[in-house]
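Here's the letter readout for the chains.
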Amino acid sequence: RSRSRIKPVPILRKGAGYHDTGLREQYCSAAAIRAYLTGSAAGQDKNASHRIASHLPESSQAALLAPDNGFLTLQSFSDMLYYRLLSYREQGFTQFADCSLELSNRIVNSLADYRDYRGFCELLKKKEVTYSRISRVLLHILLDITNETAARGKSFGYSPYLRLLGFRRDAAGLFGRLHAHAKRPLITKPAAAAALLEKAARPVFDRDVFASDLYYGALAQKTGRAQKQEYRRGLVIL
């Protein structure tokens, strides 16, 4: 539909299945790594850290297995989500992306049984509405991604801009080619976005910034480290 010249190349999956949470295979699933990192699988395994380390590159081990690891899960936003759900309880949630009237009513009627993010997803899921969709809708509510915001992003082909996060020094030559040939504005500094983006695209970028600031704000509360403000972030050059 987009007439893209990108050629997809499928790669055969090896090792564990997509939802397999065991570490038996040489190549385990991302679900297994997350389960051990968050403790849901590691609780019964005294050698969890050693077992999971063998499935991760050294750089990932340093980042994820450190005592003061700096990552969050959806559970980390349970309190924030509950506040948002209470705030919109009277008017419902159909204005948020992908939320039907039926799901909105179930959210309202189930709020008295809210405990945490993951548990609420389990409570709301039904045969015809998957856990993944419910989790996505709740995230839309948390991040204030409305039907209008989603429609605006879709009008740009889901990509109103390109955001360059970093590059290797030996690939710096591609930087100029991107600038010369990209069909979307190329953002390397968030502070420059206002000058590069057309007015209709700004709300989409603002949602990205909001999500980043929310994440790093919650991370600062968890670790005691200073926040990484999105507008102050520079390129990562390796």
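Above this text sits the structure in question.
My aim in this report is to walk through the structure given alongside it, one point at a time. Note that the coordinates shown come from a computational prediction; the quantities given were computed from them, not determined experimentally.

This brings us to the pattern of salt bridges. In total, this model carries 12 salt bridges according to the counting rule given. For glutamate 122, the salt bridge identified is with lysine 125, shortest N-O distance 3.1 Å. By sharing partners, the salt bridges in this structure join Asp98, Arg133 and Arg136 into a single network.

Here we take up the packing of aromatic side chains. In this structure the tally under the stated criterion is 9 aromatic pairs. Taken together, a centroid distance of 6.5 Å and an interplanar angle of 35° make the contact between phenylalanine 77 and tyrosine 215 tilted. You can see phenylalanine 77 sitting in the loop between helix 3 (58–64) and helix 4 (78–87) and its partner tyrosine 215 sitting in helix 11 (residues 202–223), a full 138 residues away along the chain. You can call phenylalanine 77 buried: its relative accessible area is 8%. A relative accessible area of 27% means that tyrosine 215 is categorised as partly exposed. With centroids separated by 5.2 Å and ring planes inclined at 80°, the aromatic side chains of tyrosine 88 and phenylalanine 96 adopt a geometry described as edge-to-face. The burial state of tyrosine 88 is the same as that of phenylalanine 96; both residues are buried. Clustering of aromatic rings is evident, with ring pairs tying together Phe77, Tyr215 and Tyr216. Sitting above the plane of the phenylalanine 210 ring, arginine 207 keeps its charged end 4.7 Å from the centroid.

With that out of the way, let us pick up the environment of glutamine 91. If you trace the backbone, glutamine 91 turns up in the loop between helix 4 and helix 5 (101–110). Spatially, the C-alpha atoms of glutamine 91 and serine 104 are 9.6 Å apart, while their sequence positions differ by 13 residues.

Turning to the nonpolar core, a few remarks are in order. Counting 27 residues, the largest nonpolar core has Leu85, Phe93, Ile107, Phe120, Leu138 and Ile141 as its most contacted members. Listing elements by their share of this core, those giving two or more residues are helix 4, helix 5, helix 6 (117–124), helix 7 (131–143) and helix 11. Residue contacts for leucine 85: discarding those within four places in its chain leaves Phe93, Ile107, Leu111, Tyr114, Phe120, Leu138 and Ile141.

Conventions used here
Residues numbered from 1 in each chain as written. Predicted model: local features only at pLDDT ≥ 70, side-chain atom pairs only at ≥ 80, totals over all residues. Heavy atoms only, no water. Salt bridge = Lys/Arg side-chain N within 4 Å of Asp/Glu carboxyl O. Phe/Tyr/Trp six-rings, centres within 6.5 Å; stacked < 30°, edge-to-face > 60°. Helix = DSSP H or I, 4+ residues; strand = E, 2+ residues; numbered from the N terminus. Buried < 20%, exposed > 50% of the residue type's maximum accessible area, 1.4 Å probe, protein only. Lys NZ or Arg CZ within 6 Å of the ring centre and 35° of its normal. Core = buried A, V, L, I, M, F, W, Y, C linked by side-chain atoms within 4.5 Å. Contact = heavy atoms within 4.5 Å.

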